[in-house]
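Results of the structural survey
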Amino acid sequence: MMIDWKKLLKTSFIAALAMPVFGTYAASAEENDLSVEAESALLIDFETSQILFDQNAEDQRGIASMTKMLVEYILFEEIEAGNLNWDDEVTISDYAHAISQNYALSNVPLHQNGVYTVQELYEALAIYSANGATIALAEEIEGSEVAFVDRARELIESWGIEEYQLYNTTGLNNSFLEGNHYPGSDEDAENVMSAKGIATIAQRLIADYPEVLETSSIPSMTFREGTSDAINMLNWNWMLEGLAHERMDVDGLKTGTTSFAGATFTGTAKAEGRRLVSVVMGAGDGFTNRGQRFEETSKLFDYGFGEFEYVTIIESEMNLDDEHNLTVRNGVEEDISLVTTESIGFYLPEGTDLEDYSYTFVPNDDVVNEKGEVEAPVSVGESLGQLVIDNTDDLEFLNGEAQQTVNVAAAESVERAGFFTVFSTWLRDFFSGVRDRF
């Protein structure tokens, strides 16, 4: 007879764990009171990748200068690999020079065939979103902007971003690029991605190269101070200290504005040891209400920091109740108790109406037979199955589904019994098998 272990061993947290229970939660705009005035918005917990707010976050929209986070990431890769140094000198091409002279765009003035350090160009990119400086760095790294875009495409696809349009390093509309278009792209093509794609880039950038925040958090800096090229670079992120929408926990990351994309912003803030990453896209046009993207980002941060608490659903080293003990076959003990070897938890809104989650104990088929028996000897810590958490479908994560399983192991060792006990077990099983045939 086959035993349906899932049906037999399924139980509620109240009965099995004697701990609080928690209900499911969908992190969607429709199911909470937060209203964000943007076409798309997304808020994630940086450490866990859990999505705390999602408003059209899979829609493809213009990303404008948020594109430049890819240039920052690849620049840091090159620095880390030793292929570039911060004091290396970069000669400005005709293309980078021409773009830098367009003062309708965000720029610092670059001289044709002038020489600038990698550090100077990077600071101009990170603080002032300087387009000519961005192109100059891309050309220095890969020889041409086209080659750099190819590398950036490979990078984001390796991160699982499949839907996007990427034609240049600046996020500008092709119509501004003096005819320097990615092969096959339209005259007015522009970079496009979802809020989830942008959040993935931001999370990777901060995780792999947290030093980016040292520069992105600078409210203002003078480019080439003390020279005839000196220009004050006021950070376009107005949420930084001393700026119009100052918020003390914000330290990055990247704004972007075009007529096609509207006002966009990837923000990040850290409070009480916890970091959040936000994305707003199409938060107005960037001109009528220039502070709208920052106001909406602040709403997201208030919501994420103020309305959620991390709840450990299952503790590590938690002993399961005796009802879950497994029978030990040919052991000096008749059964063995079980213990979890890891924890699992989620961010849930404070004051959530609680409904029972449940878990299912699923034995490891490699060591537990159809009768629910494990053969001795059994070593402490040996994996004997998993707890599978039910009702997590409404929890969203940037990098996939919620973790649903926790490993369960033997809480103690059980040695194998002596010869006569083993032989008696064999005889019992033999005659039981014979009886079952008739």
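What counts, and where the lines are drawn
- Residues numbered from 1 in each chain as written.
- Predicted model: local features only at pLDDT ≥ 70, side-chain atom pairs only at ≥ 80, totals over all residues.
- Heavy atoms only, no water.
- Helix = DSSP H or I, 4+ residues; strand = E, 2+ residues; numbered from the N terminus.
- Buried < 20%, exposed > 50% of the residue type's maximum accessible area, 1.4 Å probe, protein only.
- Contact = heavy atoms within 4.5 Å.
- Pairing = 2+ DSSP bridges.
- Phe/Tyr/Trp six-rings, centres within 6.5 Å; stacked < 30°, edge-to-face > 60°.
- Lys NZ or Arg CZ within 6 Å of the ring centre and 35° of its normal.
- Expected span 1.5 Å × (residues − 1).
- Axes fitted to C-alpha atoms, helices over the stretch in contact; angles between N-to-C directions.
- Parallel < 35°, antiparallel > 145°, perpendicular 65-115°, else oblique.
- Nonpolar A, V, L, I, M, F, W, Y, C, P; charged D, E, K, R; others polar.
- UniProt positions renumbered as here; feature names shortened; annotations may be inferred.
- Polar contact = N/O pair within 3.5 Å; in protein donor to acceptor, adjacent residues only side chain to side chain.

**Some thoughts on the environment of methionine 221**
You can see methionine 221 is positioned in strand E8 (residues 220–223). With a relative accessible area of 23%, methionine 221 lands in the partly exposed category. As a C-alpha pair, methionine 221 and asparagine 232 span eleven residues in sequence and 5.9 Å in three-dimensional space. Among residues more than four places away in sequence, those in contact with methionine 221 are Glu123, Ile127, Ile231, Asn232 and Met233.

**Some remarks on the pairing of strand E20 (residues 383–389)**
Bridge count for strand E18 (residues 358–363) against E20 is five bridges, and the pairing is antiparallel. Paired with threonine 360 across the bridge in E20 is valine 388. Relative to strand E23 (residues 405–410), E20 runs antiparallel, the two sharing five bridges. What sits directly across from valine 388, in E23, is threonine 405.

**Some remarks on the packing of aromatic side chains**
Evaluated as defined, the whole model comprises 15 aromatic pairs. With 5.4 Å between their ring centres and 15° between their planes, phenylalanine 76 and tyrosine 209 make a pair best called stacked. Of this pair, phenylalanine 76 sits in helix H3 (residues 68–81) while tyrosine 209 sits in the loop between helix H8 (195–208) and helix H9 (212–216), and the two are 133 residues apart along the sequence. Phenylalanine 76 sits in the buried class, given a relative accessible area of 4%. Between phenylalanine 346 and phenylalanine 397 the ring centres are 6.2 Å apart and the planes differ by 65°, which places this aromatic pair in the edge-to-face class. Separated by 51 residues along the polypeptide, phenylalanine 346 in strand E17 (residues 344–349) and phenylalanine 397 in strand E21 (residues 396–397) bring together distant segments of the chain. You'll find phenylalanine 346 and phenylalanine 397 in the same group, each marked buried. When the ring centre of tyrosine 182 is taken as origin, the NZ or CZ atom of arginine 153, which lies over that ring, is 4.3 Å away. Over the face of the ring belonging to tyrosine 347 we find arginine 274, whose NZ or CZ atom lies 4.0 Å from the ring centre.

**Overview of H8**
Taking 1.5 Å per residue, 14 residues should reach 20 Å; H8 reaches 20 Å between its end C-alpha atoms and fits that length. For H8, the full list of buried residues reads Ala195, Lys196, Gly197, Ile198, Ala199, Thr200, Ile201, Ala202, Gln203, Leu205 and Ile206.

**A short note on the packing of helix H6 (residues 131–142) against helix H7 (residues 145–158)**
At their nearest, the axes of H6 and H7 sit 8 Å apart, and the two run at 80° to each other. Classified by the angle their axes make, H6 and H7 are roughly perpendicular. Of the residues in H7, those touching H6 at Ile135, Ala138, Glu139, Ile141 and Glu142 are Glu145, Ala147, Phe148 and Arg151. Grouping the amino acids of the contact of H6 with H7 by side-chain chemistry returns five nonpolar, no polar and four charged.

**Considering the sheet that holds strand E2 (residues 40–45)**
Strand order in the open sheet made by the five strands is E3-E2-E12-E11-E10, with antiparallel pairing throughout. In the strand order of this sheet, the two ends are held by strand E3 (51–55) and strand E10 (250–258), each with one partner. For this sheet, the mean angle separating the axes of adjacent strands, direction not counted, is 5°. Judged from the seven bridges that link them, strand E11 (residues 262–271) and strand E12 (residues 274–281) form a sheet pairing that is antiparallel. What sits directly across from glycine 267, in E12, is serine 278.

**A closer look at the UniProt feature "binding site: substrate" (unreviewed entry) in the protein chain**
UniProt tags Lys254 as "binding site: substrate" (unreviewed entry). On the secondary structure map, lysine 254 appears in strand E10. The contact partners of lysine 254, leaving out residues within four places of it in the chain, are Ser65, Met66, Lys68, Met69, Leu125, Ser129, Phe265 and Thr266. Of note is the side chain of lysine 254, whose polar atom sits 2.9 Å from the side chain of serine 129.

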